[in-house]
Amino acid sequence: MKFCPNCGHQLEANVKFCPACGAQLTTDKQSVEASAAQAEETSETTANTDSRQQEDHFKAHQNDQENQETQPQLGFVSSIQYIMQHCFEFNGDIPESRKSVFWWGFLGVALLNLVFVAIPYLGTILCWATGLLLVAATMRRLAYLKQNVGLGWLMMVPVAGLYPLFLMLTDRKDD
């Protein structure tokens, strides 16, 4: 059985026009040539699509690397929000290229500690607990500087916490 390529109406054999829609029907020779041309176009389109997809994938990967190294700058409030959202991610998997995030967080914790110092007994515990907020931020920053991420835990020890701060102040990336 043959069907009209335009409307799908069932056709009789050797009909040159569709009785339903009036579309001109091609002969077998023309249909073979048309299908060969269509197959050629399809293969070219597929090849172009594949190459475009590869280019897009490469560009996306390149953009991810650039975004990882050039993250947008954040202000005080947005840095504090960022630190709070990621305060329990202690693995240091995401390197933090923004110095400002850590230092704004450090300022926020210092200001909070000034308030907590005024509270007898409980203030000491709260000051120590706020230091935990900076551990994950320190680890992300140390990962970017290609230092030992575990040094971030030193932020919980009063005097030893100066060492990671010193590393971040020197801000040298060991390649």
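Rules behind the numbers
- Residues numbered from 1 in each chain as written.
- Predicted model: local features only at pLDDT ≥ 70, side-chain atom pairs only at ≥ 80, totals over all residues.
- Heavy atoms only, no water.
- Axes fitted to C-alpha atoms, helices over the stretch in contact; angles between N-to-C directions.
- Helix = DSSP H or I, 4+ residues; strand = E, 2+ residues; numbered from the N terminus.
- Parallel < 35°, antiparallel > 145°, perpendicular 65-115°, else oblique.
- Contact = heavy atoms within 4.5 Å.
- Nonpolar A, V, L, I, M, F, W, Y, C, P; charged D, E, K, R; others polar.
- UniProt positions renumbered as here; feature names shortened; annotations may be inferred.
- Buried < 20%, exposed > 50% of the residue type's maximum accessible area, 1.4 Å probe, protein only.
- Core = buried A, V, L, I, M, F, W, Y, C linked by side-chain atoms within 4.5 Å.
- Polar contact = N/O pair within 3.5 Å; in protein donor to acceptor, adjacent residues only side chain to side chain.

(A) Spatial organisation of the packing of helix α2 (residues 76-85) against helix α3 (residues 99-116). Running from amino to carboxyl end, α2 crosses α3 at an angle of 90 degrees, the nearest separation of the two axes being 8 Å. As far as their axial angle goes, α3 and α2 are roughly perpendicular. Across the interface between the two elements, Phe76, Ser79, Ile80, Tyr82 and Ile83 of α2 pack against Ser100, Val101, Trp104, Gly105, Leu107, Gly108 and Leu111 of α3. Classifying every residue of the contact of α2 with α3 gives eight nonpolar, four polar and no charged.

(B) Layout of the UniProt feature "transmembrane region" (unreviewed entry) in the protein. Per the UniProt record, the feature "transmembrane region" (unreviewed entry) sits at residues 101-131 and 151-169. Split by type, residues 101-131 is 84% helix and 0% strand. Its first and last C-alpha atoms lie 15 Å apart. Structurally, residues 151-169 comprises 42% helix and 0% strand, and the distance from its first C-alpha atom to its last is 14 Å.

(C) Layout of unusual backbone geometry. Residue Asn14 is not a glycine yet carries a positive backbone phi of 55 degrees. Of note, Asn14 is situated in the loop between β2 (10-11) and α1 (28-69). Overall, the relative accessible area of 76% leaves Asn14 in the exposed class. A positive phi is found at Tyr121, a non-glycine position, where the angle reads about 60 degrees. Among the structural elements, Tyr121 can be located in the loop between α3 and α4 (122-144).

(D) Representation of the UniProt feature "domain: Zinc-ribbon" (unreviewed entry) in the protein within the structure. According to UniProt, the "domain: Zinc-ribbon" (unreviewed entry) feature falls on residues 3-25. Its end C-alpha atoms 10 Å apart, residues 3-25 is made of 0% helix and 13% strand.

(E) Quick look at the environment of Phe17. Following the sequence through the fold, Phe17 ends up in the loop between β2 and α1. Note: C-alpha distance between Phe17 and Cys4 (13 residues apart in sequence) is 8.8 Å. In contact with Phe17, other than residues within four places in its own chain, are Gly22, Ala23, Gln24 and Leu25.

(F) Quick look at the nonpolar core. Ranked by internal contacts, the top residues of the largest apolar core, which has 22 residues, are Phe102, Leu134, Val135, Leu142, Met155 and Met168. At the level of secondary structure, the elements contributing two or more residues to this core comprise α2, α3, α4 and α5 (162-170). For this core, the element with the highest residue contribution is α4, accounting for eight residues. Each residue touching Val135, except ones within four places of it in the same chain, is listed here: Phe90, Gly152, Trp153, Met155 and Met156.

(G) How the structure looks around the side chain of Thr130. Mapping Thr130 onto the fold places it in helix α4. Of note is the side chain of Thr130, whose polar atom sits 2.7 Å from the backbone oxygen of Cys127. Residues contacting Thr130, with those up to four places away along its chain left out, are Val109, Leu112, Asn113 and Phe116.

(H) Quick look at the side chain of Ser100. Relative to the helices and strands, Ser100 is located in helix α3. A relative accessible area of 18% means that Ser100 is categorised as buried. Those residues in contact with Ser100 that sit more than four places away from it in its chain are Gln73, Leu74 and Ser79.

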